[in-house]
Amino acid sequence: LIDITTTFAVISWKKEAYRIMIADKIKNARTILYYITIIIVTRLMKYRNKSFWEGNKTIIFDTLTDRHQYEVIAVFKTVIYTNRSDSFKYYEFTDAENAAEFDAYVAKCKELSLYDTGVLAEYGDKLISLSTCEYSRNNGRLVVVAKRVD
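Model, not experiment: these values are computed from the prediction.

Rules used throughout
- Residues numbered from 1 in each chain as written.
- Predicted model: local features only at pLDDT ≥ 70, side-chain atom pairs only at ≥ 80, totals over all residues.
- Heavy atoms only, no water.
- Helix = DSSP H or I, 4+ residues; strand = E, 2+ residues; numbered from the N terminus.
- Buried < 20%, exposed > 50% of the residue type's maximum accessible area, 1.4 Å probe, protein only.
- Contact = heavy atoms within 4.5 Å.
- Areas by Shrake-Rupley, 256 points an atom, 1.4 Å probe, with all protein chains shown as cover.
- Phe/Tyr/Trp six-rings, centres within 6.5 Å; stacked < 30°, edge-to-face > 60°.
- Polar contact = N/O pair within 3.5 Å; in protein donor to acceptor, adjacent residues only side chain to side chain.
- pLDDT = per-residue confidence, 0-100.
- Core = buried A, V, L, I, M, F, W, Y, C linked by side-chain atoms within 4.5 Å.

Secondary structure assignment for the protein yields 3 helices and 7 strands. The buried share among the 150 residues of the protein stands at 47%. Relative to all contacts within the protein whose residues are 6 or more apart in sequence, the contacts with residues 24 or more apart total 58%. For the protein, the exposed surface amounts to about 8,200 Å²; the carbon and sulfur share of it is 50%.

Structure below.
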């Protein structure tokens, strides 16, 4: 059973902040943030370029009750709603049962990453995934995965 709730939050990079409404799956290990607004989608798409990441390595995520800082560990493209070999169902990972599951998920994110961030994650870290449509392939997605650092 997965509880789906809708909530409001603020996501920001440096001096820019955007209020968003999200559908989220909150578990112990990871929060998934789905399509938000065109401004944030545009911002996420910029992560395809390593030079953008170099100036925007951290993401701040605020809710009504919490404010946390996350450091980007991987940026990748994949396809969803298919069993093709190039499909990574990142959205099915919500809580690692053990270190091996967590490590396998992080390793796949790093393997698919468009560039090496040099940032590692270990079992027990809290992850956030920012996901949006990506149109180079049918049902494509661009995913930015970050770990909580505060």
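The subject of this paragraph is the packing of aromatic side chains. Applying the stated criterion across every chain yields a total of 6 aromatic pairs. Relative to tyrosine 115, the ring of tryptophan 53 lies with its centre 5.7 Å away and its plane at 40 degrees, an arrangement referred to as tilted. Within this pair, whereas tryptophan 53 is found in helix H2 (residues 50-55), its partner tyrosine 115 is found in the loop between helix H3 (99-112) and strand S6 (127-133), the two being separated by 62 residues in sequence. On the accessibility criterion, tyrosine 115 (10% relative accessible area) is buried. Aromatic pair phenylalanine 88 and tyrosine 105: ring centres 5.8 Å apart, planes at 35 degrees, arrangement tilted. Of this pair, phenylalanine 88 sits in the loop between strand S5 (67-79) and H3 while tyrosine 105 sits in helix H3, and the two are 17 residues apart along the sequence.

This brings us to the side chain of threonine 78. Relative to the assigned elements, threonine 78 resides in strand S5. Polar side-chain contacts of threonine 78 include one of 2.8 Å to the backbone nitrogen of phenylalanine 88. In contact with threonine 78, other than residues within four places in its own chain, are Asp86, Ser87, Phe88, Tyr90, Arg137, Asn139, Gly140 and Arg141.

What follows covers the confidence of the model for the protein. One rule of thumb: low pLDDT means the predicted coordinates there are not for detailed reading. Scored by pLDDT, the protein comes out at a mean of 77, with 73% of its residues at no less than 70. This stretch, residues 21-36, has a pLDDT under 50; its non-local contacts, to residues over four places away or in other chains, come to 64 contacts.

The next subject is the nonpolar core. Counting 18 residues, the largest nonpolar core has Ile73, Tyr90 and Tyr105 as the members making the most contacts within it. When contributions to this core are tallied by element, the ones reaching two or more residues are S5, H3 and strand S7 (140-148). Here this core gets 4 residues from one element, more than from any other, and that element is H3. With residues near it in sequence (within four places) discarded, isoleucine 73 still touches Val106, Lys110, Thr117, Val119, Leu120, Ala121, Leu127, Val145, Ala146 and Lys147.

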